[in-house]
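Residue-level listing of the chains:
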Amino acid sequence: MHPSRWGDPARATALPDTARGLIEMVFGLDERPALPEVSVPAPAVEPALLTELAETLGAEHVLTDDDIRRLRTGGKSTPDLLRQRAGDLDDAPDAVVRPGTHDDVAAVLAWAVKHHVAVVPFGGGTSVTGGLAARRDGFAGLVSLDLIRMKRLLEVDHTSMTATLEPGLRGPEAEALLAAEGLTLGHFPQSFEYATIGGFAATRSSGQSSAGYGRFDALVVGLRVATPSGEVSLGSAPANAAGPDLRQVFLGSEGAFGVITAVTVRVRRVPAEKVYEGWRWPSFVDGAAAMRTLAQAGLLPTVIRLSDESETAINLARPDEIGGQSAGGCMMITGYEGEPEAVAAKRAAVTAVLSGLGGESLGEEPGASWAKGRFDAPYLRDSLLDVGVLVETLETATFWSNMDALYAGVRAALEGSLGEGTMVLCHISHVYETGCSLYFTVAQKAAEDSLSQWLAAKAAACDAITEVGATITHHHAVGTDHKPWLAAEIGGIGVSVLRAVKADLDPSGVLNPGVLIP
Ligand SMILES: Cc1cc2nc3c(=O)[nH]c(=O)nc-3n(C[C@H](O)[C@H](O)[C@H](O)COP(=O)(O)OP(=O)(O)OC[C@H]3O[C@@H](n4cnc5c(N)ncnc54)[C@H](O)[C@@H]3O)c2cc1C
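Numbers given to residues run from 1 along each chain, matching the order in which its sequence is written. Thresholds applied to this predicted model are a pLDDT of at least 70 for local features of residues and 80 or more for the giving and counting of side-chain atom pairs; totals over whole chains, interfaces and linings are not thresholded and use all residues. No hydrogens and no water enter the side-chain calculation; it runs on all heavy atoms of the structure.

Trainee: Looking at this structure, how should I read empty space enclosed by the protein?
Mentor: If a probe the size of a water molecule is rolled over the atoms, the empty space left behind becomes visible. Every definition here rests on a 1 Å grid over the protein atoms only: cavities are sets of points where a 1.4 Å probe fits but cannot get out, pockets are open sets enclosed by protein on both sides within 12 Å along at least five of seven lines, and lining residues have some atom within 4 Å of a point. Grid points are joined across faces, edges and corners, and a volume is the space filled by probe spheres set on the points. Scanning the model with the defined rule gives five cavities of 30 Å³ or more in all. The volume enclosed by the second largest cavity comes to roughly 70 Å³. Residue lining of the second largest cavity: Thr73, Gly74, Gly75, Asp80, Arg83, Gln84, Asp88, Asp90 and Asp91, and that is the complete set. Among the residues making up the lining of the second largest cavity, the classes are represented as no nonpolar, four polar and five charged. Each residue gets one of three labels, nonpolar for Ala, Val, Leu, Ile, Met, Phe, Trp, Tyr, Cys and Pro, charged for Asp, Glu, Lys and Arg, and polar for the others, Gly among them.

Trainee: Mind showing me how you'd approach the packing of helix 2 (residues 47–57) against helix 5 (residues 102–115) here?
Mentor: For any two helices packed against each other, one specifies the crossing angle of their axes together with the interaxial distance. Where helix 2 contacts helix 5, the axes come no closer than 10 Å and their chain directions differ by 160 degrees. Judged by the angle between their axes, helix 2 and helix 5 are roughly antiparallel. Viewed along their axes, helix 2 and helix 5 form a crossing whose handedness is right-handed. Residues Leu49, Leu50, Glu52, Leu53, Thr56 and Leu57 of helix 2 form the contact with helix 5, whose participating residues are Asp104, Ala107, Val108, Trp111, Lys114 and His115. Considering only residue class, the contact of helix 2 with helix 5 consists of seven nonpolar, two polar and three charged. Fitting a line to C-alpha atoms yields each axis, with helices limited to the stretch in contact; the angle taken between N-to-C directions then spans 0 to 180 degrees. Under the DSSP-based scheme used, a helix requires at least four consecutive residues in state H or I and a strand at least two consecutive residues in state E, with every element numbered from the N terminus. Roughly parallel means an angle under 35 degrees; roughly antiparallel means over 145; roughly perpendicular covers 65 to 115; every other angle is labelled oblique. Each crossing gets its hand from how the near helix is turned against the far one by less than a right angle, where anticlockwise is left-handed and clockwise is right-handed. Only heavy atoms matter for contacts: two residues are in contact if any of them lie within 4.5 Å across the pair.

Trainee: Where do I start with the layout of surface pockets in this structure?
Mentor: Empty space within the second largest pocket amounts to approximately 620 Å³. Along the walls of the second largest pocket sit 26 residues, with Arg204, Gly252, Val478, Leu486 and Ile490 positioned nearest its centre. Looking at the lining of the second largest pocket element by element, the count peaks at seven residues for helix 18 (residues 483–505). Residue composition of the lining of the second largest pocket, grouped by class: 12 nonpolar, 10 polar and four charged.

Trainee: Help me out: how do you make sense of the sheet that holds strand 15 (residues 360–363) in this one?
Mentor: What links the strands of a sheet is backbone hydrogen bonding, and the strands pair in either a parallel or an antiparallel sense. Overall, antiparallel pairing links the seven strands, which are arranged 15-12-14-13-17-18-16 in an open sheet. At either end of the open sheet lies a strand with only one pairing partner, and these are strand 15 and strand 16 (389–399). Each strand axis lies, on average, 20 degrees off the axis of its neighbour in the sheet, ignoring direction. Of the strand pairs in this sheet, strand 13 (residues 303–307) and strand 17 (residues 423–431) are connected by two bridges, and their pairing is antiparallel. What sits directly across from serine 307, in strand 17, is histidine 427. Strands in contact with helix 17 (residues 450–467) are strand 16 and strand 18 (435–445); relative to strand 16, the strand with the most contacts, it is inclined by about 15 degrees. Strands are treated as partners if at least two bridges between them are detected by DSSP.

Trainee: Whenever I open this one, the environment of leucine 516 confuses me. Can you help?
Mentor: The residue leucine 516 is located in the segment after helix 18 in this model. As for leucine 516 and arginine 411, which are separated by 105 residues in sequence, their C-alpha atoms are 26 Å apart.

Below is the structure:
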């Protein structure tokens, strides 16, 4: 991936004419010329230490060249991209090390403890919460532990319907290996093309088909983890009562407790049929009530998403048509995947409920359009930053009874911080019997110091989320960006439990220092 943009440079998309027209009208165009590339700070770690590591891993797997270190600097949040665009490479690792096996990972950790070097596990580098921005002060250096060589499908159990995957497999690579066995994982976050199996587990990711397949943490049945204190292997039965579920200690641990070296997941058969369609609702409140009804009736489709009035008005769910003619009201996308008879039965039952509640079917065209562009929106963010528009997303979740307060609170906080003319768009993309997540997209004309402009707005939104008692993150994880709000959510004793686990598994604190734990 390009260090300061999303994805494959060959797929970079210009703003569609309709979107460009909309931006020009609302914010004005302010083309920002690309800045010349800045050089990466020289590695600060003693070369002799790297030579020692090279003897274990092989010299070709201990890299210090500028290009690879630049590519392993930070993640892909808008602040990360703005820092890279401004030539701020302070978070660059001194070296990128590439273990090939669990034992290699254990050897890197032993080396790091011996020499007090900080280690940042790196999967796909798509973190949007500063999960790759570890602290380096007090350490002899900082290395990126790049899992790119660990890409095997280790085992498939067709009887139990489980598969064991190595952490460095990106979404499409994992799906291709499983497809050869007639299987799918069904985990499709918007970052699917670049994020990895280890990253999904380490951040408790949630995909666009979460209503049908479940969040990533719900798919995990077992884990193998290398920690500075030794190996942990968990998951010997489909369910157990053997004390607290320790898999949950490592799911969402963001590289602070250990390096996940294998993940055993529940898998499904590749669906024979996939159908997506659109619905229109008079209002966000009506559409959300319909989602709640489906969830509480046990009738959720595989995909269900609902855009609010503002998001529908600019067609965000259909990246090719942003700024074009909108259907009006609030757009819902529903999707069904499975055997044809099961798809037909579920679709008929959901259709009856949605029609009965006042939804208007728009047929399959909007669904097909959403499915075609479902991984494209991140490319548009780069095009918007190029023309001087500050754009970023944030997410949270709450119970149904608190949804309206959360929606209003976050919207008011963002508008209050970013000022008149701010575009605040929202959709619901993950629903449960008891509640849902809200995902906001925010746009405003970029100020001279757009990084500070966004950090102030994000802090205001996080305060509002905390004030209404919602979660600081439903699926993006804590990283460094959400850390100041974590204690309010889990309490002082919750923080000390996390610190105790850290002290036990990583007593010298070399793993991702400063990430996750307040
Ligand atoms: C455009 C865009 C769209 C996104 N859409 C979604 C979405 O739809 N749903 C969603 O859930 N998230 C989404 N994200 C967030 C991000 O993709 C997820 O957090 C993802 O799960 C991270 O995976 P990764 O492999 O890129 O991990 P990285 O970014 O490399 O790492 C994330 C964190 O996990 C740690 N880590 C990585 N691998 C391991 C390992 N093997 N063992 C221990 N720790 C490890 C890292 O140290 C870091 O703290 C999106 C991000 C972007 C930029």
